[in-house]
Amino acid sequence: PSEAQWQRAAAVQADGSLSVSGLDTPPAEWTRTQFGPLPYTPADGREDPSRATFGVSWVVRGGGAAPLVTRVAADYALTDPGIGFRCAKELPWSVETLASLVP
């Protein structure tokens, strides 16, 4: 997922309105977002895959002592058993619609 997708899912989970399992537990997770300063602005190009070059740092989220706020930069060449990945897909439904389906 992008960093924005990861953060959105983490915020929903913290709010309790929709359960997204595993975002607050190790391992930390790679995102597809190039590391840059906050606040996050998608228009700044960090989501553009054509800008991906050797030596670019990527955002790793989660894990650590404060998993929902942990944000570090890492190179994809890094081999660390404490970093995993998550598959994500944008759905055509809103969070409110999904939450209404949960009993």
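These figures come from a predicted structure and were not determined experimentally.

Here is what the cut-offs are and how they apply
- Along every chain, residues carry numbers that run from 1 in the direction the sequence is written.
- pLDDT decides what is reported in this predicted model: residues at 70 or higher carry local features, side-chain atom pairs at 80 or more are listed and counted, and totals for whole chains, interfaces and linings draw on all residues regardless.
- Working from all heavy atoms in the structure, the side-chain values ignore hydrogens and water.
- Runs of H or I in DSSP of at least four residues are treated as helices and runs of E of at least two as strands, each being numbered from the N terminus.
- Each residue is assigned to one of three classes by its accessible area relative to the maximum for its type, calculated with a 1.4 Å probe on protein chains only: buried under 20%, partly exposed between the two thresholds, exposed over 50%.
- Two residues qualify as a contact provided that any one of their heavy atoms is within 4.5 Å of a heavy atom in the partner residue.
- In this scheme, strands are said to pair when DSSP sees at least two bridges between them.
- For this analysis, a polar contact is any N or O atom pair within 3.5 Å, provided that within protein one partner can donate a hydrogen and the other can accept it, and provided that sequence-adjacent residues contribute only side-chain to side-chain pairs.

**Section: the overall build of the protein chain**
Counting its secondary structure elements, the protein chain contains 2 helices and 4 strands. Here the protein chain, with 103 residues, has 30% of them falling under the buried criterion. At a minimum sequence separation of 6, the contacts of the protein chain that also span at least 24 residues come to 61%.

**So, the sheet that holds strand β4 (residues 83-84)**
By definition, the strands of a sheet pair up through backbone hydrogen bonds, in either a parallel or an antiparallel sense. With mixed pairing, 4 strands are arranged side by side in an open sheet as β3-β2-β1-β4. At either end of the open sheet lies a strand with only one pairing partner, and these are β3 (71-75) and β4. In terms of strand pairing, strand β1 (residues 28-34) meets strand β2 (residues 57-61) through 3 bridges, oriented antiparallel. Residue pairing across strands places W30 opposite V60, the latter belonging to β2.

**Focus: the side chain of R46**
Structurally, the position occupied by R46 is in the loop between β1 and β2. A polar side-chain atom of R46 sits 3.5 Å from the main-chain carbonyl oxygen of G36. A polar side-chain atom of R46 sits 2.8 Å from the main-chain carbonyl oxygen of P37. When sequence neighbours within four positions are dropped, the list of residues in contact with R46 reads R32, T33, Q34, G36, P37, P39, Y40, T41, R51 and R71.

**Concerning unusual backbone geometry**
Residue P39 follows L38 across a cis peptide bond; omega there is 5°. Following the sequence through the fold, P39 ends up in the loop between β1 and β2.

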